[in-house]
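Chain and residue survey
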2 protein chains.
Amino acid sequence: MKLNFKAIFSILGLLLLLNGGFMLLCLPVSLYYHEEHWISLLYAGLITILIGAASHFLTKGKTSGGLSKRDGYLVVTLGWLCMSFFGTLPYVISGEIPDFSNAFFETLSGYTTTGASILNDIESMSKGVLMWRSLTQWIGGMGIIVLTVAILPLLGIGGMQLFVAEAPGVTPDKLKPRITDTAKRLWLIYLGLTLVEAGLLKYGGMSYFDAINHSLTTMATGGFSTKQASIAYFTSPFIQYVIIVFMFLAGTNFTLTYFGLHGQLKKVLDNEEFKYYLGFTLGFTVLVASVVYMVSDSSVEVAFRNSLFQLVSIITTTGFVTADYTSWAPLLTVIFFMFMFIGASTGSTAGGVKVVRHVILLKNSILELRRQIHPNAVLPVRLNKLAVSSDITFNIMAFMIIYFMVFALGATIISALGYDFNTSIGAVATCLGNIGPGIGKVGPMDNFAFISAPGKWVLSMLMLLGRLELFTVLILFTPYFWTKH
Amino acid sequence: MKLNFKAIFSILGLLLLLNGGFMLLCLPVSLYYHEEHWISLLYAGLITILIGAASHFLTKGKTSGGLSKRDGYLVVTLGWLCMSFFGTLPYVISGEIPDFSNAFFETLSGYTTTGASILNDIESMSKGVLMWRSLTQWIGGMGIIVLTVAILPLLGIGGMQLFVAEAPGVTPDKLKPRITDTAKRLWLIYLGLTLVEAGLLKYGGMSYFDAINHSLTTMATGGFSTKQASIAYFTSPFIQYVIIVFMFLAGTNFTLTYFGLHGQLKKVLDNEEFKYYLGFTLGFTVLVASVVYMVSDSSVEVAFRNSLFQLVSIITTTGFVTADYTSWAPLLTVIFFMFMFIGASTGSTAGGVKVVRHVILLKNSILELRRQIHPNAVLPVRLNKLAVSSDITFNIMAFMIIYFMVFALGATIISALGYDFNTSIGAVATCLGNIGPGIGKVGPMDNFAFISAPGKWVLSMLMLLGRLELFTVLILFTPYFWTKH
């Protein structure tokens, strides 16, 4: 079957229309603060809307036969790239990030909800453009929700089928018709939580502007801040605890939050991914806080809060920072580095490998030892009391191995550009996992400004790979994808 | 079925008899150099032989029903531990390594053919004890040959079945009766190559003592040297090239060497693992040598020789050193670190993950992308033109994932003992991969003397895990292994 390029362009056009609309949303902010850059935002929005409209309406009605699976792969990757390409306009037209490599890195870091930044002086940026920067993350989060609910399971990516079977309103035999319903419900929760968090942050002492921006980037597990010092700028424990809670919620499967809000708490507490997610976070917080308490002169509360904040920030792939965790103790650097390979729940806005995959890998490893003794016994991994098919376990293992291969290749390329061992593995782990801060020279107190343009493009591709669950992008690089089927 | 402890003790006794015999082999060396320590070697040998004889003969004839698979697992792990326990006697009795943790680390590092050492002044050691040190590696190499040919395939460990099907004199339906034959043939090659290398090294200018010791530890892919500076001490290019060739041979599947010696070169060149092993080595040598040539003022020949030497040394898990590869360039540190996770061929004396596993993982990763598009197509990995069953691919993926889990756990523990990030991941990668030198403070110019006793015990266990292909040891820690079947 031929690729349906008309349908693909129609969808990309629609995405640009949406994108342009969001750009215009930043106009009032710019006008309110009497910034000269309002005109740049207007231009950026209009250009994006015009091109989007052209692409959408010139191809509309000409989509014959709908989208195939192959079209699906293409539209997802192109969608993210296309949004990021046009998303650079507010930065470039305003001249606030004049260099295109920098602007693209910052924008893709937004849409992939990574949060790695090339900005050296965030406070000097205009409010309208900063608003756009936060919005790219929030839009990316919206995109991921629809991706996990509606697209990835149909493409059969890395065990994501598992997730969908448990989404509200979805029955395996009636997947398609109700998927828009599901996405709408989850978006409503996403929007609702964003508003509640913004309210709480304002109540805690942030300005309206800071409250809204941080709320947008928390719920997207993005991590862009309006302050160069990230959350370390806001010393209020109340603000930090609010952000911890909402990062954790943003990293929780949104369907579980839906059940929780509908009083079905048992469904939440019975979910194995949630149990491990909570368990990893709390278990390691106790460990990390004990070490921090021993090696520093912080009080118990400060040690606990900093440890919890950083662990939740990294496991949810948000990337906000309240302290330099790489300076605490070598053990903690190892733990934080490992956490970059975990990621939070499926069906959340978090990137990375995801807890459910680790749960299945862990259980399968133990079972594999039993299978050695009894090679003929059928011992499937059980998740939420159901047997996981060996095909899915196989696919998840392949995902993890490809993840490590991409990591190794990425680290080789970045180190070939001249960056030291720790900076290379740190930058690659954090970009591939969509987190933000790494180790080495891209640690929690640093940024990515000093990385050369080639390095930024490689890291951008890694962000995209990680965000789109690897397969979606990699498949486009197989000759097989492009041959006739 | 109950564990057959009598049969297990009988085998362990036999191993000790052999071990004691080898200790006595060091006596002439000690006497020749008029060392006072000959008496320690005699005591050590006699104690080991006595206890071995008691254990073997007191249980002999009482083995009912032979060994089950579970007995097999136990005997392999206990065998290595028991040999290492008694193998410390020459060090401890002579007082040359008085501390037991140190002596055990050095001995297990020998039997596992790792080559990580706690010795700060190797030249001050007596020749008899150094001879014993080299022999532990050579015995370990012998053990590995019999393990890969005869034991692991029967236990079904991590795709090792693949290897055996191709061993000379083995047909799948007649595995057991001819396995002793196969082992004998391979041992003959092992012994023969050791003698040839010793001859060449002597010819190249080494003393008889140095030639024999280095030959023993090369063929075992061990890496213990009689010089603190390792092979950097021997500046002769001839000697270094001889060692490169024999390291490479020691990392080649011995059955292929057997075919090669019998003129069946086509069988060698058609073997995919060999092709990749050769390809990885040569490809990366060109890359590394180019970088070394650019960043240093070495001649082309020196850059090539040092690069080839270090890459072969690490991919074969030998661990000899001619230069500090961590000082060359960040890119090369990343490459050398990654090479620690490769390992050479199955059916060789090399440790680590093994090339064939990587080949299957690589091919499967590409196929998995195709399987996404056509989930119902049956696309098995093909190795040497034959389809690999998906069970074996599944098992190899699980092996790799467990390998990374053990690595992560090991690095966490070592860093918890206070060692920095690079030293921790370097020490764990090199011990688990049975290599020798790592990165950080356990780099190619350093040793393991400064690691605390708990650290040494953890690293010792990692060497054992790596050497015995993980499963063999890990299975003993499952409650399931110890319950009745």
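Residues numbered from 1 in each chain as written. Chains lettered and ligands numbered in written order. Predicted model: local features only at pLDDT ≥ 70, side-chain atom pairs only at ≥ 80, totals over all residues. Heavy atoms only, no water.

So, about the overall build of chain A. Along its length, chain A carries 21 helices and 2 strands. Taking 2.2 N^0.38 as the reference for a compact globule, 485 residues should give roughly 23 Å; the C-alpha atoms of chain A span a radius of gyration of 22 Å, in line with that estimate. Taken along its principal axes, the extent of the C-alpha atoms in chain A is 70 × 65 × 50 Å. Each of the 485 residues in chain A was classed as buried or not, and the buried ones make up 63%. Counted over contacts in chain A with a minimum sequence separation of 6, partners at least 24 positions apart contribute 72%. Only carbon and sulfur atoms are counted for the fraction: they give 69% of the accessible area of chain A, which is about 17700 Å². Charge separation in chain A, taken as the distance between the mean sites of 30 positive and 24 negative side-chain charges, equals 13 Å. (Helix = DSSP H or I, 4+ residues; strand = E, 2+ residues; numbered from the N terminus. Rg over C-alpha atoms; globule rule 2.2 N^0.38 Å. Buried < 20%, exposed > 50% of the residue type's maximum accessible area, 1.4 Å probe, protein only. Contact = heavy atoms within 4.5 Å. Areas by Shrake-Rupley, 256 points an atom, 1.4 Å probe, with all protein chains shown as cover. Lys, Arg positive; Asp, Glu negative; His and termini not counted. Charge placed at Lys NZ, Arg CZ, Asp CG, Glu CD.)

Next up on the list: the interface of chain A and chain B. On the side of chain B, 55 residues touch chain A, which itself brings 55 residues to the contact. For chain A, the biggest contributors to the area lost against chain B are A:Q372, A:F394 and A:F421; these three give 16% of the whole. Where chain A packs against chain B, one counts 0 salt bridges. Run the count over chain A and chain B and you get 9 residue pairs in polar contact (both at pLDDT 80 or more). Put simply, the parts of the chain that give the side of chain A that touches chain B at least two residues each are α3 (69–87), α15 (330–339), α16 (355–373), α17 (390–416), α18 (421–432), α20 (471–474) and α21 (479–482) of chain A. Sort the elements by how many residues they give to the side of chain A that touches chain B and α17(A) lands first, with 16 residues. Among the residues forming the side of chain A that touches chain B, the class breakdown is 34 nonpolar, 15 polar and 6 charged. (Buried area = accessible area lost by both parts, 1.4 Å probe. Salt bridge = Lys/Arg side-chain N within 4 Å of Asp/Glu carboxyl O. Polar contact = N/O pair within 3.5 Å; in protein donor to acceptor, adjacent residues only side chain to side chain. Nonpolar A, V, L, I, M, F, W, Y, C, P; charged D, E, K, R; others polar.)

Turning to the pattern of salt bridges, a few remarks are in order. Counted under the stated rule, the structure contains 18 salt bridges over all chains. For A:E469, the salt bridge goes to A:R357, with nearest N and O atoms at 2.7 Å. Separated by 112 residues along the polypeptide, A:E469 in the loop between α19 (453–467) and α20 and A:R357 in helix α16 bring together distant segments of the chain. Across the pair, A:R357 and A:E469 agree in class, each one buried. Between B:D420 and B:K441 there is a salt bridge, with its nearest N and O atoms 2.7 Å apart. With B:D420 in the loop between α18 (390–416) and α19 (421–432) and B:K441 in the loop between α19 and α20 (453–467), this residue pair connects regions lying 21 residues apart in the sequence. If you follow the salt bridges from partner to partner, you end up with A:K354, A:R357 and A:E469 in one network.

Between chain A and chain B, which share one sequence, the superposing operator has a rotation angle of 180 degrees and an axial displacement of 0.0 Å; the RMSD is 0.0 Å. Such a combination of turn and shift is consistent with a two-fold rotation axis. (Least-squares fit on C-alpha atoms with pLDDT ≥ 70 in both.)

Residue and element names in this part refer to chain A. Within the secondary structure, I39 sits in helix α2 (residues 38–59). Looking at I39, the relative accessible area reads 29%, which means it is partly exposed. Spatially, the C-alpha atoms of I39 and Q137 are 22 Å apart, while their sequence positions differ by 98 residues.

Attention shifts here to the packing of aromatic side chains. All names here are of chain A. Inspection of every chain in the model, using the stated rule, returns 66 aromatic pairs over all chains. Between F100 and F104, the aromatic rings sit 6.0 Å apart at their centres with planes inclined by 40 degrees, giving tilted as the arrangement. Linking F100 with F104, this pair stays in helix α5 (residues 100–111), spanning 4 residues, or about one helical turn. F100 gets classed as partly exposed once you look at its relative accessible area, which sits at 33%. On the basis of relative accessibility, which here comes to 4%, the residue F104 falls in the buried class. (Phe/Tyr/Trp six-rings, centres within 6.5 Å; stacked < 30°, edge-to-face > 60°.)

A few words on the environment of B:T483. Checked against the element boundaries, B:T483 lands in the segment after α22 (479–482). Polar side-chain contacts of B:T483 include one of 2.8 Å to the backbone oxygen of B:Y480.

Turning next to unusual backbone geometry. A negative phi holds for most residues other than glycine; trans holds for most peptide bonds. Residue and element names in this part refer to chain B. A positive phi angle is found at H34, which is not glycine, with a value near 55 degrees. Residue placement: H34 occurs in the loop between α2 (27–32) and α3 (38–59). With a relative accessible area of 74%, H34 lands in the exposed category. Backbone geometry at K385 places phi at a positive 70 degrees, although glycine is not the residue there. Topologically, K385 is positioned in the loop between β1 (382–383) and β2 (386–387).

A word on helix α6 (residues 100–111) of chain B. Residue and element names in this part refer to chain B. A rise of 1.5 Å per residue sets the reference length of α6, with its 12 residues, at 16 Å; its end C-alpha atoms lie 16 Å apart and thus fit the reference within 8%. With respect to burial, α6 is a largely interior element, 11 of its 12 residues being buried. All of the buried residues along α6 are S101, N102, A103, F104, F105, E106, T107, L108, S109, G110 and Y111. At the N-terminal boundary of α6, the capping side chain belongs to D99, with an oxygen 3.4 Å from the backbone nitrogen of S101. (Expected span 1.5 Å × (residues − 1).)

Moving on: the packing of helix α1 (residues 5–32) of chain A against α2(A). Residue and element names in this part refer to chain A. Between α1 and α2, whose axes approach to 7 Å, the crossing angle comes to 160 degrees. Classified by the angle their axes make, α1 and α2 are roughly antiparallel. Regarding α1 and α2, the two cross each other, and that crossing is left-handed. Its residues placed into classes, the contact of α1 with α2 shows 17 nonpolar, 12 polar and 1 charged. (Axes fitted to C-alpha atoms, helices over the stretch in contact; angles between N-to-C directions. Parallel < 35°, antiparallel > 145°, perpendicular 65-115°, else oblique. Left-handed = near helix turned anticlockwise from the far one by under 90°.)

A few words on the confidence of the model for chain A. Confidence in the prediction of chain A, expressed as mean pLDDT, is 91, and 93% of residues score 70 or more. A low-confidence stretch, residues 169–177 of chain A (pLDDT under 50), is modelled with 9 contacts involving residues beyond four sequence positions or located in other chains. (pLDDT = per-residue confidence, 0-100.)

Residue and element names in this part refer to chain A. Judged by side-chain polarity, Y43, I47, L50, I51 and I93 come together as a nonpolar surface patch covering roughly 460 Å² of accessible area. In terms of residue count, the dominant contributor to the nonpolar patch is α2 (4 residues). Of note, I93 is situated in helix α4 (residues 89–94). (Patch = residues over 30% accessible without salt bridge, like charges linked within 9 Å, V, L, I, M, F, W, Y side chains within 5 Å.)

Residue and element names in this part refer to chain A. The topology assignment puts T59 in helix α2. Take T59: its relative accessible area is 12%, and that puts it in the buried class. Of the polar contacts made by the side chain of T59, one reaches the backbone nitrogen of S10; its length is 3.4 Å. Among residues more than four places away in sequence, those in contact with T59 are K6, F9 and S10.

In this section: the nonpolar core. One finds A:L332, A:F448, A:L459, B:L332, B:F448 and B:L459 to be the most contacted residues of the largest nonpolar core, which totals 310 residues. The contacts of B:L459, once residues within four sequence positions are left out, are B:F105, B:I414, B:A427, B:V428, B:C431, B:F448 and B:I451. (Core = buried A, V, L, I, M, F, W, Y, C linked by side-chain atoms within 4.5 Å.)

Turning our eyes to something else, we now look at the environment of B:L331. Looking at the secondary structure, you find B:L331 in helix α16 (residues 330–339). Between the C-alpha atoms of B:L331 and B:V288, which are 43 residues apart in sequence, the distance is 8.8 Å. The residues contacting B:L331, other than those within four sequence positions of it, are A:T412, A:S415, A:A416 and B:V291.

Here we take up helix α11 (residues 237–250) of chain B. All names here are of chain B. Taking 1.5 Å as the rise per residue, α11 with 14 residues should run 20 Å; its terminal C-alpha atoms sit 20 Å apart, in good agreement. Buried within α11 are the following residues: I239, Q240, V242, I243, I244, F246, M247, F248 and A250. Backbone nitrogen of F238 and a side-chain oxygen of the N-cap are separated by 3.2 Å at the start of α11; the cap is S236.

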